[in-house]
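Residue-level structure breakdown
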Amino acid sequence: MGNAELLSIHLYPVKACRGEAPREAEVEPWGLAGDRRWALIDDGGKVVTQRQQPRLALAAAELLPGGGIWLSAPGLQPLTVAVPDPVGTVALEIFRDKVEGVLAGAEAHAWCSAYLGADVRLVHMDDPATRRPVDPEYALPGETVSFADGYPLLVTTVASLDALNTLMADGEHAAEGPLPMNRFRPNLVVAGTEPWAEDGWSRVEIGEVSFRVAKTCGRCAVTTTDQATAGRGREPLHTLGRHRRLGGKLVFGQNLVPLTHGTVRLGDPVRLIT
């Protein structure tokens, strides 16, 4: 891949909320340390995302030492939420997966419900090593994932976003572009590749950590949500539908599963493993 390198790192302490972009991050078997260990559930126990609540894009979650979080959102005073004691669990559902989580305190539920104008509860995944296996169709034995959509990490490339924006510029919704990378909510962004080079990856090494590529990432309505305003448009799904349709999915980026542990850092070289 020549001079491919890790351009940025992104982790999202609360699923669907705005995340943070550290200079380095520890890679655990189920994803970046602190990534999507928290999620919101509705009164039926289903995980709430920007699909149902685009305003979550404007709520920020910052990771605190020990795994707690600091929440902020327009119109509310910030709130610090500690990791709850795992004295009991509640059943929840995330994309048909039945999972157990630990409820945060009542103050956190009230804060999140007030922001969304809906009855929601905040839950923490206490033990990502056992709570939720990766889709067995694409997993190796024992692989698990946090509250991410389905896989421990998502990688995207700058060259592919540039190519997608070029395609968008020639389309009927060109005024919506160019789009920033945050529409795709990746964990790792790689620079220095050819457009769509990641389609051919099977194993990749980023700095000191090795990953296997589980599958391409099918995209949903969250990508049409402006992460700065929570407004919705038609892109990039319209253009992906014309140019990046694979197996009935509109695809952008690749899902990764760590093969080793370690720390990834900005500027780390990215190499294919053969």
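Structural notes, computed from the coordinates.

Criteria and cut-off values
Residues numbered from 1 in each chain as written. Predicted model: local features only at pLDDT ≥ 70, side-chain atom pairs only at ≥ 80, totals over all residues. Heavy atoms only, no water. Pairing = 2+ DSSP bridges. Helix = DSSP H or I, 4+ residues; strand = E, 2+ residues; numbered from the N terminus. Buried < 20%, exposed > 50% of the residue type's maximum accessible area, 1.4 Å probe, protein only.

**Focus: the pairing of strand 10 (residues 97–103)**
Across five bridges, strand 9 (residues 90–94) lies against strand 10 in antiparallel orientation. Residue pairing for strand 10: Leu-92 is matched across the bridge by Val-99. Joining the antiparallel neighbours strand 9 and strand 10 is a turn of two residues, in which Phe-95 adopts a positive phi near 50°. Across two bridges, the pairing between strand 10 and strand 11 (residues 121–124) is antiparallel. Bridging across to strand 11, Leu-103 finds its partner in Val-123.

**A few points about unusual backbone geometry**
Here Gly-177 and Pro-178 are connected by a cis peptide whose omega angle stands at -5°. As for its placement among the helices and strands, Pro-178 is situated in the loop between helix 2 (158–169) and strand 13 (188–191). For the bond running from Glu-235 to Pro-236, omega is 10°, close enough to zero to count as cis. One can find Pro-236 in the loop between strand 15 (209–218) and helix 3 (237–243). If you check the backbone angles, Ala-16 has positive phi at about 85° while not being a glycine. Looking at where Ala-16 falls in the secondary structure, it is placed in the loop between strand 1 (5–9) and strand 2 (24–28). Taking the relative accessible area as the measure of exposure, Ala-16 reaches 6% and is therefore buried. Although it is not a glycine, Phe-95 sits at a positive phi angle of roughly 50°.

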